[in-house]
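What follows is the residue order along each chain.
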Amino acid sequence: MILVTGATGNIGSALLGELRGGGAGLLRGFTRDAARAAFPAGVEAVEGDFAEPQSFKLALDGVRSLFLVSRLGPDADILDAARLAGVEHVVLVSSITVQTHSRLGPAGENLAVERLLQDSGMAWTILRPTQFASNALMWAASIRGGEVVRAPYADTGLPTIHPADIASVARVALTEPGHQGRTYALTGPEPVTARQQVEAIAAALGRDVPFKEISRQEAHAQMAAVFGAEAAEAVLDVTGGDVNDELLKVRDTVARVTGLPARGFQQWAAENADSFR
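A brief look at the structure comes next.

This brings us to the packing of helix α3 (residues 75-85) against helix α5 (residues 105-118). Between α3 and α5, whose axes approach to 10 Å, the crossing angle comes to 20°. By the angle between their axes, α3 is roughly parallel relative to α5. For α3 against α5, the interelement crossing comes out right-handed. In this structure, α3 contributes D75, A76 and L79 to the contact, and α5 contributes V113, L116 and L117. Looking at the contact of α3 with α5, its residues break down into 5 nonpolar, no polar and 1 charged.

Time to look at helix α10 (residues 229-241). Given a rise of 1.5 Å per residue, 13 residues ought to cover 18 Å, yet the end C-alpha atoms of α10 are separated by just 15 Å, more than 12% below that figure. The complete set of buried residues in α10 reads A232, A234, L236, D237, V238 and G240. Turning to α10, the residues buried within the fold contact α4 (97-100), α5, α9 (216-227) and α11 (245-248).

So, about the packing of aromatic side chains. Counting across every chain of the model gives 5 aromatic pairs. Ring centres of F50 and F56 lie 5.1 Å apart, and the angle between their planes is 65°; this geometry places the pair in the edge-to-face category. Taken as a pair, F50 and F56 share a single burial class, namely buried. Geometrically, the ring pair formed by F265 and W268 is tilted, given 5.5 Å between the ring centres and 35° between the ring planes. Here F265 pairs with W268, and both are found in helix α13 (residues 265-271), just 3 residues apart, close to one helical turn. Like W268, F265 is buried. Site record: aromatic cluster; members linked through ring pairs are F30, F50 and F56.

Before going further, it helps to examine unusual backbone geometry. Excluding glycine, a negative phi dihedral is what most residues carry, and trans is how most peptide bonds are arranged. The backbone of R71 shows a phi angle near 70°, a positive value even though the residue is not glycine. Structurally, R71 can be placed in the loop between β4 (65-69) and α3. A residue is classified by how much of its surface remains accessible, and R71, at 38% relative accessible area, is partly exposed. Backbone geometry places Y153, a non-glycine residue, at a positive phi of 50°. Judged by its relative accessible area of 21%, Y153 is partly exposed.

Bringing α3 into the picture now. If you check which residues of α3 are buried, you get D75, I78, L79, A81 and A82. Along α3, the residues classed as buried sweep out an arc of 160° about the axis, all on the same side. Seen from the open side of α3, the exposed residues pointing more than 90 degrees away from its buried face are D77 and L84. Buried residues along α3 sit in contact with α2 (53-59), β4, β5 (89-93) and α5.

The next point concerns the sheet that holds β5. Pairing is parallel in the open sheet, where 7 strands are placed in the order β3-β2-β1-β4-β5-β6-β8. Bordering the open sheet on either side are β3 (43-47) and β8 (182-186), each of which pairs with just one other strand. On average, adjacent strands in this sheet sit at an angle of 20° to one another, irrespective of strand direction. Examined bridge by bridge, strand β2 (residues 27-31) and β3 share 5 bridges and lie parallel to one another. Of the residues in β3, the one forming a bridge with G29 is A45.

Glancing now at the pattern of salt bridges. Evaluation of the coordinates by the stated rule reveals 18 salt bridges. R128 is the partner of E114 in a salt bridge, and the nearest nitrogen-oxygen pair spans 2.7 Å. Of the two residues, E114 is situated in helix α5 and R128 in strand β6 (residues 123-129); the sequence distance between them amounts to 14 residues. The residues E114 and R128 share a single accessibility class, namely buried. Sharing partners across several salt bridges, the network here consists of E18, D165, R171, E176 and R263.

The side chains of a regular strand alternate between the sheet's two faces. Counting buried positions over the 7 residues of β6 gives 6, a clear majority of the element. The pairing of β5 with β6 spans 5 bridges and is classified as parallel. What sits directly across from V90, in β6, is W124. Judged from the 5 bridges that link them, β6 and β8 form a sheet pairing that is parallel. Counterpart to I126 in the pairing with β8 is T183.

About the cut-offs
Residues numbered from 1 in each chain as written. Predicted model: local features only at pLDDT ≥ 70, side-chain atom pairs only at ≥ 80, totals over all residues. Heavy atoms only, no water. Axes fitted to C-alpha atoms, helices over the stretch in contact; angles between N-to-C directions. Helix = DSSP H or I, 4+ residues; strand = E, 2+ residues; numbered from the N terminus. Parallel < 35°, antiparallel > 145°, perpendicular 65-115°, else oblique. Left-handed = near helix turned anticlockwise from the far one by under 90°. Contact = heavy atoms within 4.5 Å. Nonpolar A, V, L, I, M, F, W, Y, C, P; charged D, E, K, R; others polar. Expected span 1.5 Å × (residues − 1). Buried < 20%, exposed > 50% of the residue type's maximum accessible area, 1.4 Å probe, protein only. Phe/Tyr/Trp six-rings, centres within 6.5 Å; stacked < 30°, edge-to-face > 60°. Arc of directions from axis to C-beta. Pairing = 2+ DSSP bridges. Salt bridge = Lys/Arg side-chain N within 4 Å of Asp/Glu carboxyl O.

Encoded structure:
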């Protein structure tokens with residue numbers, strides 16, 4: 001039995017599809033609303049919330065492998081419950097900022113979860129993806145409304161990753177030997193700037209999408225109103241304000257682990273064009 005948490009998210013939903021399509025055995029998806037979860041046929045939906053420990057403990061019944069996204073709940077309690085339930089292997093989604101921006105608060109929190117897992121006694125595989133292509137969905141309302149997309153660091157290119165590639169690596173780690181005790185830094189196949197992302201979305205829509213570069217100060221004011229000042233600072237640092245060679249590096253990990261090339265941003269934009277219409 002494999003339990004996928006965050007099962008309706010960008011990674012979890014793709015992972016369930018890959019596991020089912022690849023003939024994995026018993027599959028279970030953990031979701032807050034089982035009635036609305038469109039899981040593949042044969043996937044057992046278990047409703048619960050990390051804020052309600054008993055619901056997660058019930059979801060762990062019979063589970064031997066767990067897919068977990070860091071910091072969705074009380075990670076120490078989650079890992080302890082998994083160990084007590086007999087889970088043997090955990091595939092954890094952390095962040096590449098653990099190795100590129102260790103001074104930032106979120107990176108330190110992710111590193112702490114990694115260490116909890118490594119000290120848990122369970123086998124582990126840690127995935128450290130870079131910026132998600134799906135982060136572009138933050139522009140969806142503006143693009144649907146015909147408004148100008150505004151972003152800082154317009155021409156800083158990061159090797160943005162398609163969430164489905166994270167899922168593909170997770171599927172291999174969960175179902176094939178040789179990946180326990182490994183940490184994988186994951187990126188897309190090439191750097192892509194914010195300007196290029198908007199151009200790719202425009203191409204997928206078949207119409208122009210206006211774009212304007214804004215200052216860090218303007219971006220910080222917008223983000224801080226939603227996420228708080230500290231989180232805004234961290235996001236701005238890792239999207240252009242404090243880039244370094246380690247963050248900009250394109251890695252071939254997806255291809256090496258899965259045997260298939262990493263998907264580009266243009267593919268993600270084409271697949272998700274309806275979100276911007």
